[in-house]
Amino acid sequence: MKIYIDGRNRILEKPESIFINRELSWLDFDSRVLALAKEKNLPLGERLKFAAIFGSNMDEFFMVRVGSLYDQTLLKNNKPDIVTHMTASEQIAAITPRVAELQAKCDKYFQHLVGLLADAGYKKVDFNHLSKQQEHFWKTYFQRELLPLLSPQIVDSRHPFPFLSNKEIYYIAQLYNKGDGVSFGIVPVSSRFERVLFVKDGETTCFAFIEELVAHYAATIFATSTVQKQCLFRVTRNADITVDEGMMDHDIDFRDVMSELLKKRRKLAAVRLQFWPEAPQEIAKFLREKLVVPASRCYAQTSPLDTGCLFKLSGRIANDGGHPEMFYPVAKPMQAPAGYDLYTEVRKHDVLLAYPYQSIRPFIRMLLRAGADPNVVSIKMTLYRMASDSQIVGALINAAENGKEVVAMVELRARFDEQNNIDWSKQLQDAGCTVLYGFDDYKVHSKLTLITSRVDGKYRYLTQIGTGNYNEKTSELYTDLSFITTRQDIGEEASAVFNNMALQRLTSEADTMLVAPLRFKSVLLDEMDRQIAFAMQGKPASIILKNNSINDPQIIAKISEASCAGVRVDMIVRGICCVRAGVPGRTENVHIRSIVGRYLEHSRIYCFGNGEDMRIYIASGDFLTRNTERRVEVGVRVDDPAIAKKLRGILDLQLRDTVNAREMQPDGTYTKVKPSEGQPPVDSQMAMFGYFKDGFEMEAKKPKTQTTTKVVAKKAVAKPVSRQASSLRPARPGLWQNLFGRGKK
């Protein structure tokens with residue numbers, strides 16, 4: 001297949017293609033994050049944080065995405081990208097120049113930020129231009145505080161090359177000794193050191209990065225040799241671990257399997273080398289050969305090798321006080337009014353909580369109330385990412401200690417949270433909870449809680465379905481939604497989902513809930529078909545999709561079909577977006593924007609139609625094929641008119657955003673949305689505080705009509721897990737077959 005490359009290194013299947021490569025789209029998202037580091041309208045301390053977030057994102061990109069692509073290059077029959085059909089090698093070749101471009105921008109922005117910090121009274125120490133007094137101070141500090149803790153190593157014919165840890169910073173020098181010739185000296189700059197050092201100099205606060213201090217004086221360690229070349233470097237290793245089927249021995253606890261995999265992760269192949277401030281040719285060649293990293297994945301930079309230090313720098317400035325203009329105004333989640341009891345209130349009417357605008361505390365108190373309620377029989381919950389000091393897990397443990405049946409579906413494969421989940425699963429089990437690990441072939445990414453009570457001889461359900469994790473920390477940083485109801489029909493569907501997970505079965509049918517992989521994508525495609533039919537009949541039709549990412553080709557094809565039928569499709573996609581908007585004859589009625597701001601947009605809302613015909617869903621799953629086909633995700637159709645209206649209002653507000661929004665152009669680039677002349681700017685994120693100011697409703701509503709058990713029992717059908725992935729994809733005729741010739745990958 002012929003490959004075309006546009007002016008920004010985007011790979012297109014052909015000039016009129018509506019597809020964008022996933023990895024390049026990820027880098028475009030990172031570019032939008034990095035752009036906030038130069039945004040003049042943002043406070044300086046927040047710009048530092050966005051530069052730090054960019055660096056953290058790039059670390060994850062190389063560890064996960066490039067690591068996965070590297071693994072694929074080692075296979076004889078590796079599968080191409082599902083939308084652009086590029087091989088792993090072609091994708092890596094396209095990624096590397098784009099990364100170099102972004103790194104150059106990061107270096108430029110960082111230097112500018114350093115200048116602004118100096119103007120604000122925070123001056124970065126330049127070790128190449130120290131006064132005699134400064135030289136004496138820092139040399140003394142190095143000799144007294146650092147030198148005793150350093151562990152230098154020589155690499156020559158008698159001393160092997162050491163193992164280099166993932167994301168650690170190292171000093172390296174090319175050494176020459178008359179007796180031994182050329183060798184190399186390596187000094188780990190341990191992450192146990194305080195990364196940023198602060199020293200007061202009159203009214204100015206000077207800050208120094210510990211690795212630059214080590215680099216300045218490390219040559220004194222190798223006093224018997226001549227240091228010919230030197231620099232700092234950092235290794236990024238592949239972190240894309242998978243569970244081998246051979247490890248799934250039923251006699252082995254899955255926690256032990258994951259613990260072994262985490263040990264293996266630390267020793268996986270290197271996928272990137274970073275150098276500061278430059279890469280001397282001899283040193284770069286030496287490290288590339290030892291670590292087997294091609295020159296194309298070696299990057300010299302002048303910004304910090306690990307931008308995590310910028311979080312610490314920003315935190316120190318905030319703790320100093322006296323610089324409120326350097327940070328966002330304080331905005332804390334709204335607390336429920338005195339006397340508000342979610343556990344009681346939800347029995348009067350459905351409830352929607354919106355984080356971080358509303359506090360998660362009412363939900364935690366609800367769990368505590370349930371754990372102490374004598375009528376409660378059981379509490380079941382899916383757990384994916386938990387806080388390190390989780391009050392939610394504590395509430396589950398309390399419930400178990402009170403004699404309740406507590407079932408926790410803990411997903412041990414939540415990337416980079418595996419150890420935390422292993423630890424919590426042990427505590428839950430020790431407290432008497434039943435701990436499940438989910439499916440062998442599907443990650444459980446659902447956000448589902450079910451509280452079952454027995455009242456007057458009948459079972460009653462309280463169900464919570466959310467878009468975000470049960471995590472107190474991220475609930476103040478991520479925008480998420482939590483829908484809570486006592487509708488009996490939804491509770492019975494949720495009960496069937498939990499029972500199926502316990503028995504390693506996938507849920508194939510439900511009326512109100514979405515349950516991937518069998519009852520998620522198919523429902524949403526049907527909703528799109530409904531809007532297409534309306535448009536073909538000349539009736540009003542619209543689709544609004546808000547999520548984090550999209551690359552599912554079947555959904556993209558349906559979006560294109562809707563556009564061609566005249567349906568207006570608005571998409572609010574924060575991150576990866578593999579469909580291009582505004583392509584004539586393909587997606588000209590598709591409008592895509594990305595909102596990147598103070599909070600991480602994380603909620604998923606899927607809206608079809610307007611007015612009385614509107615159907616709206618919230619869900620845990622995005623439109624990546626991993627979510628639609630390889631994970632257990634849950635969602636729900638929100639039928640409560642007030643809450644449905646509230647959700648639609650969130651979408652409308654974000655579609656009016658002129659502060660955090662960037663709109664995709666037909667070539668795949670993004671441009672910042674600006675207010676119309678004479679119009680005030682709209683910050684959808686901060687406006688949400690006002691939008692939910694009365695969100696903790698306490699008025700009574702009429703009792704809801706309950707769906708009978710018999711009807712729901714017929715809907716809640718479960719099927720055993722199929723080992724053939726293709727059988728999980730519903731066959732759908734239409735544009736999908738026209739575009740690709742068949743209905744499956």
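Overview of the structure. All figures in this text were calculated on a predicted structure; none of them were measured in a lab.

## Considering the sheet that holds strand S22 (residues 542-547)
Part 1 of the reasoning: An order of S21-S29-S27-S26-S22-S23-S24-S30-S31 is seen for the 9 strands of this open sheet, with the pairing classed as mixed. The sheet is open, and its two borders are formed by strand S21 (513-515) and strand S31 (670-672), each paired with just one other strand. Strand-to-strand twist of the sheet, defined as the mean angle between neighbouring strand axes without regard to direction, takes the value 20°.
Part 2 of the reasoning: With 4 bridges joining them, S22 and strand S26 (residues 605-608) adopt antiparallel strand pairing. Following the sheet pairing, lysine 546 is matched in S26 by isoleucine 605.

## With respect to the pattern of salt bridges
Part 1 of the reasoning: One pass over the structure, following the stated rule, counts 29 salt bridges.
Part 2 of the reasoning: In this structure, arginine 369 engages aspartate 341 in a salt bridge whose closest nitrogen and oxygen atoms are separated by 2.3 Å. Note that arginine 369 is positioned in helix H10 (residues 361-372) and aspartate 341 in the loop between helix H8 (308-320) and helix H9 (342-345), a separation of 28 residues in sequence.
Part 3 of the reasoning: Since its relative accessible area comes to 21%, aspartate 341 is described here as partly exposed.
Part 4 of the reasoning: Overlapping salt bridges bring together Asp28, Arg98, Glu101 and Lys105 as one network.

## So, the environment of proline 329
Part 1 of the reasoning: Within the secondary structure layout, proline 329 lies in the loop between H8 and H9.
Part 2 of the reasoning: Distance in space between the C-alpha atoms of proline 329 and proline 43 is 9.6 Å, their sequence separation being 286 residues.

## Some points on the side chain of threonine 449
Part 1 of the reasoning: Mapped onto the secondary structure, threonine 449 falls in strand S17 (residues 448-455).
Part 2 of the reasoning: In this structure the side chain of threonine 449 is engaged in a polar contact, spanning 2.9 Å, whose partner is the side chain of tyrosine 470.
Part 3 of the reasoning: Leaving out residues up to four positions away in the same chain, threonine 449 has contacts with Phe363, Leu367, Lys380, Met381, Leu462, Thr463, Gln464, Tyr470 and Phe498.

## Re the nonpolar core
Part 1 of the reasoning: Among the nonpolar cores identified, the biggest contains 90 residues, and Ile550 and Met571 are the most heavily contacted of them.
Part 2 of the reasoning: Here methionine 571 is in contact with Leu545, Ile550, Ile559, Val579, Val590, His591, Ile592 and Arg593, once residues within four sequence places are set aside.
Part 3 of the reasoning: One finds Leu450, Met513, Leu653 and Phe689 within the second-largest nonpolar core, a separate group that totals 47 residues.

## Quick word on the environment of methionine 86
Part 1 of the reasoning: As for its position among the elements, methionine 86 is in the loop between helix H2 (44-73) and helix H3 (88-119).
Part 2 of the reasoning: With relative accessibility at 1%, the residue methionine 86 sits in the buried group.
Part 3 of the reasoning: Spatially, the C-alpha atom of methionine 86 lies 8.2 Å from that of asparagine 21, the residues being 65 residues apart in sequence.

## Details of helix H5 (residues 210-217)
Part 1 of the reasoning: Of all 8 residues that make up H5, 7 are buried, and the element is covered over most of its length.
Part 2 of the reasoning: Restricting attention to buried positions, one finds in H5 the residues Ile210, Glu211, Glu212, Leu213, Val214, Ala215 and Tyr217.

## What to know about the environment of leucine 113
Part 1 of the reasoning: With respect to the element layout, leucine 113 can be found in helix H3.
Part 2 of the reasoning: Along the backbone, leucine 113 and alanine 37 are 76 residues apart, and their C-alpha atoms lie at a distance of 8.3 Å.
Part 3 of the reasoning: Not counting residues within four places of it along the chain, the set of residues in contact with leucine 113 comprises Ala37, Leu44, Arg47, Leu48 and Ala51.

## Concerning unusual backbone geometry
Part 1 of the reasoning: Note the cis peptide between tryptophan 276 and proline 277, where omega equals -10°.
Part 2 of the reasoning: Within the secondary structure, proline 277 is located in the loop between strand S10 (270-276) and helix H7 (281-291).
Part 3 of the reasoning: In this structure, proline 517 follows alanine 516 across a cis peptide bond, with omega equal to 5°.
Part 4 of the reasoning: The topology assignment puts proline 517 in the loop between S21 and helix H14 (521-536).
Part 5 of the reasoning: One non-glycine residue, lysine 167, lies in the positive phi region at around 65°.
Part 6 of the reasoning: Inspection of the secondary structure assignment puts lysine 167 in the loop between strand S4 (153-155) and strand S5 (169-177).
Part 7 of the reasoning: Classification of lysine 167 as partly exposed rests on a relative accessible area of 34%.
Part 8 of the reasoning: A positive phi angle is found at glutamine 504, which is not glycine, with a value near 60°.
Part 9 of the reasoning: Looking at the element boundaries, glutamine 504 is found in the loop between helix H13 (488-502) and strand S20 (505-507).

Conventions we followed
Residues numbered from 1 in each chain as written. Predicted model: local features only at pLDDT ≥ 70, side-chain atom pairs only at ≥ 80, totals over all residues. Heavy atoms only, no water. Pairing = 2+ DSSP bridges. Helix = DSSP H or I, 4+ residues; strand = E, 2+ residues; numbered from the N terminus. Axes fitted to C-alpha atoms, helices over the stretch in contact; angles between N-to-C directions. Salt bridge = Lys/Arg side-chain N within 4 Å of Asp/Glu carboxyl O. Buried < 20%, exposed > 50% of the residue type's maximum accessible area, 1.4 Å probe, protein only. Polar contact = N/O pair within 3.5 Å; in protein donor to acceptor, adjacent residues only side chain to side chain. Contact = heavy atoms within 4.5 Å. Core = buried A, V, L, I, M, F, W, Y, C linked by side-chain atoms within 4.5 Å.

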